[in-house]
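Coordinate analysis (summary)
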Amino acid sequence: MQIIRSVPEMQALAEALRAQGQLIGLVPTMGALHDGHLTLIRAAAERADAVVVTIFVNPAQFAPSEDFNKYPRELENDVAKCEAAGADYVFAPPNEEIYPKGYSTYITEEHVAKPLEGVSRPSHFRGVTTVVAKLFNICRPDLAVFGQKDAQQVAVIRKMVADLNFTVDIVVAPTLREPDGLAMSSRNRYLSATQRVEALAIHRALYKARDMVAAGEIRSDRLVAEATHILSQQRRIRVIYVSLVNRSTMEPAREVIPGETVMAIAAWMDEVRLIDNIVL
Ligand code: PAF
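Description of the structure in this document. Note that the structure is a prediction, hence the values are computed from the model and not measured.

Examining the side chain of E117
Tracing the chain through its elements places E117 in helix α5 (residues 117-120). At 2.5 Å, the side chain of E117 and the side chain of Y241 are in polar contact. Those residues in contact with E117, other than ones at most four positions away along the chain, are F125, Q152, Y241, A266, R273 and I275.

Let's talk about the packing of aromatic side chains
The full count for this structure, using the stated rule, is 6 aromatic pairs. Here F62 and Y71 contribute two aromatic rings whose centre-to-centre distance is 5.8 Å and whose plane-to-plane angle is 75°, an arrangement assigned as edge-to-face. On the basis of relative accessibility, which here comes to 8%, the residue F62 falls in the buried class. Judged by centre distance (5.1 Å) and plane angle (80°), the rings of Y99 and Y103 are edge-to-face. Y103 gets classed as partly exposed once you look at its relative accessible area, which sits at 23%. Clustering of aromatic rings is evident, with ring pairs tying together F56, Y99, Y103 and Y106. The ring of F68 carries R73 above its face, with NZ or CZ at 4.7 Å from the centroid. Directly above the aromatic system of Y106 lies the positively charged group of R126, at a separation of 3.9 Å from the ring centroid.

A word on the packing of helix α6 (residues 124-139) against helix α7 (residues 151-163)
Packed helices, taken two at a time, are described by their axes: the angle between them and the distance between them. At a minimum axis separation of 10 Å, α6 and α7 run at an interaxial angle of 55°. As far as their axial angle goes, α7 and α6 are oblique. Handedness of the crossing formed by α6 with α7: right-handed. On α7, the residues that touch F125, V128, T129, V132, A133 and F136 of α6 are Q152, Q153, V156, I157, M160 and V161.

Here's the deal with the pattern of salt bridges
Tallied over the full model, the rule gives 15 salt bridges. E46 is the partner of R47 in a salt bridge, and the nearest nitrogen-oxygen pair spans 3.8 Å. Here R47 falls in the partly exposed class, since its relative accessible area comes to 40%. Residue D276 pairs with R177 through a salt bridge whose shortest N-O separation is 2.9 Å. Of this pair, D276 sits in strand β9 (residues 272-279) while R177 sits in the loop between β6 (169-173) and α8 (193-214); the two residues are 99 residues apart in sequence, bridging distant segments of the chain. In this structure, a network of salt bridges that share partners links the residues E66, E117, R121 and R273.

Digging into the nonpolar core
By size, the foremost hydrophobic cluster in this structure holds 46 residues, and its most contacted members are F91 and F136. For this core, the leading source of residues is α6, giving 9 residues. L223, V256, M263 and I278 belong to the second largest nonpolar core, which has 33 residues in total.

Remarks on the site of the ligand
Surrounding the ligand, one finds P28, T29, M30, N58, Q61, V128, V131, F146, D150 and Q153. Q61 is positioned with one of its side-chain polar atoms (N or O) 2.6 Å from an oxygen atom of the ligand. For the ligand, an oxygen atom lies 2.7 Å from a polar atom in the side chain of Q153. Contact with the protein chains removes 88% of the 290 Å² of surface that the ligand exposes when unbound. Only β2 (24-29) and α6 provide two or more residues apiece to the shell around the ligand.

Some words on the side chain of K149
Checked against the element boundaries, K149 lands in the loop between β5 (143-147) and α7. We note that K149 is buried and unpaired, the nearest opposite charge coming from D150 at a distance of 4.4 Å. A polar contact is formed between the side chain of K149 and the backbone oxygen of I275, at a distance of 3.3 Å. In this view, K149 contacts T175, A183, M184, S185, I275 and N277; residues no more than four positions away in its chain are not counted.

Reading the values: the criteria
Residues numbered from 1 in each chain as written. Predicted model: local features only at pLDDT ≥ 70, side-chain atom pairs only at ≥ 80, totals over all residues. Heavy atoms only, no water. Helix = DSSP H or I, 4+ residues; strand = E, 2+ residues; numbered from the N terminus. Polar contact = N/O pair within 3.5 Å; in protein donor to acceptor, adjacent residues only side chain to side chain. Contact = heavy atoms within 4.5 Å. Phe/Tyr/Trp six-rings, centres within 6.5 Å; stacked < 30°, edge-to-face > 60°. Buried < 20%, exposed > 50% of the residue type's maximum accessible area, 1.4 Å probe, protein only. Lys NZ or Arg CZ within 6 Å of the ring centre and 35° of its normal. Axes fitted to C-alpha atoms, helices over the stretch in contact; angles between N-to-C directions. Parallel < 35°, antiparallel > 145°, perpendicular 65-115°, else oblique. Left-handed = near helix turned anticlockwise from the far one by under 90°. Salt bridge = Lys/Arg side-chain N within 4 Å of Asp/Glu carboxyl O. Core = buried A, V, L, I, M, F, W, Y, C linked by side-chain atoms within 4.5 Å. Near = heavy atom within 4 Å. Areas by Shrake-Rupley, 256 points an atom, 1.4 Å probe, with all protein chains shown as cover. Lys, Arg positive; Asp, Glu negative; His and termini not counted.

Next up, the structure:
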């Protein structure tokens, strides 16, 4: 497996692969890879001839108060995991390759990015869309794989792809959970054992909603009230939002439309910000 650090080198490689008629599958990540990421890499390997995993902790999607500096960086470990999962190339550029001195162009999706995460993290998706668009231009993928765990990110990227006429197929892989139900996330390592136990309430709240829908409840207010009640029983959890939304537009849903509606939760577990969701 080859590691590429520079933009011109990655662009030349992508051109060469395309000239050979190889289908390129991209898995954008910020590293600190867990089994959820490996599922994304395997999904890319099933569909593409050449799999490129990008590892780049993108400063543009972190607010100054967020965890950019403490975000785990473990390139050597990550590279071994990528190779074992079936990646062919790791593109791990230093910051100056992506944002050289004087960099000043950003992409803003102005609708899907506004609610939910967009309320408390107003510049987050501007950073995500900018770096993903750049990675698309650098790696020239035919398809790119993202995780359902970041439901709003998926919706924002799909909208950007449609609006800006990118010819990249977006593949969404299901959320991978720990055996106890906690959604896999690179930030789970910030949780202590006790915080982790309390964090399971997020998963319980989502699965309660799923069970209520299976039993015939489709009203958003009732589903949200029950999920909020479950979360409020945990001393250390502070709810940021519990919302039922359309999975493509992220607009509020008054009732569940099966397969189209998502319950999305964001909550502080002490100082750790967690998100999770379920398609109802
Ligand atoms: O989901 C992530 O890890 C990041 O938001 C992404 C898509 C790699 C962009 O930096």
